[in-house]
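Close look at the chain arrangement
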Amino acid sequence: MNLVLLGPPGSGKGTQGERLQADLRLPYFATGDILRAAVRDETELGRSAKEYMDRGDLVPDEVIVGAIGERIDSAEAADGFILDGFPRTVPQAEALAAKLSELGRQLTGVLLIDADDDEVMRRLGGRRTCAENGHVFHVDFNPPEREGVCDIDGSELIVRDDDRPEVIRHRLDQYHAKTEPLIDFYDHQSLLRRIDGAANPDAVGADIGRTLATLKLEADEAI
Ligand code: AMP
């Protein structure tokens, strides 16, 4: 299974990606997490990405394409992968297709987890992230036991720079302008499957489970 999770920021791709990783036992590559770790570790990748991320802009295609290409081509991903947050532009999708074809592989499906702008503003505006390890809480939907403190590792909970309301709005504008064209791009290749991200996480997970079962049947029939 070579899967892509597509959708606006805050639609639940991260939550579902982590569930899928456990269920399918496949590596989960979330470019936002990879970039944030690179910024924390002050690597060259992090230094090239930081200013774009803080503004809510996409980092340049060539910066992210190299980083994700290495992971897809690793032993860890030999049986498949789950991509979250990549591709986010048509050139990135073309680079992914080229890399997969070089490896003699192809995408199994692209799951579009959709949510409207108001829902995204509500979800991301209330999100609190653990400063050390990125564990995620929400002031209304998933509050920590002690305000401002991560239940899992006790570190401070912060508002990510890019979860400030004006930056969320900008991230949404970027999504509509640069990432949404991928919906048609993958629909034309019959790879797109739509999932309603406005439902609760368990219902979204169940919907994804049914979709993957169908994708698997289709893949088996094609053999
Ligand atoms: P996320 O956690 O997926 O919302 O990503 C956080 C930030 O990382 C984005 O706002 C971008 O600045 C950057 N980023 C993540 N993935 C990509 C990508 N595929 N292309 C360009 N920038 C990305």
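See the structure printed just above.
Residues numbered from 1 in each chain as written. Predicted model: local features only at pLDDT ≥ 70, side-chain atom pairs only at ≥ 80, totals over all residues. Heavy atoms only, no water.

Two numbers describe how helix H4 (residues 61-72) lies on helix H5 (residues 90-102): the axes approach to 10 Å, and their chain directions differ by 30 degrees. In terms of axis orientation, H4 runs roughly parallel to H5. Crossing angle aside, the handedness with which H4 passes H5 is right-handed. From H4, Asp-61, Ile-64, Val-65, Gly-69 and Ile-72 reach across to H5, where they touch Pro-91, Gln-92, Ala-95, Leu-96, Lys-99 and Leu-100. Residue composition of the contact of H4 with H5, grouped by class: seven nonpolar, two polar and two charged. (Axes fitted to C-alpha atoms, helices over the stretch in contact; angles between N-to-C directions. Helix = DSSP H or I, 4+ residues; strand = E, 2+ residues; numbered from the N terminus. Parallel < 35°, antiparallel > 145°, perpendicular 65-115°, else oblique. Left-handed = near helix turned anticlockwise from the far one by under 90°. Contact = heavy atoms within 4.5 Å. Nonpolar A, V, L, I, M, F, W, Y, C, P; charged D, E, K, R; others polar.)

Turning to the sheet that holds strand S7 (residues 157-158), a few remarks are in order. Strand order in this open sheet of three strands is S6-S5-S7, and the pairing throughout is antiparallel. Looking along the sheet, the strands with just one partner apiece sit at the ends: strand S6 (136-138) and S7. Of the strand pairs in this sheet, strand S5 (residues 127-130) and S7 are connected by two bridges, and their pairing is antiparallel. The partner of Thr-129 across the bridge, within S7, is Ile-158. Most of the contacts of helix H6 (residues 117-125) go to S5, to which it runs at about 40 degrees, and overall it touches S5 and S6. (Pairing = 2+ DSSP bridges.)

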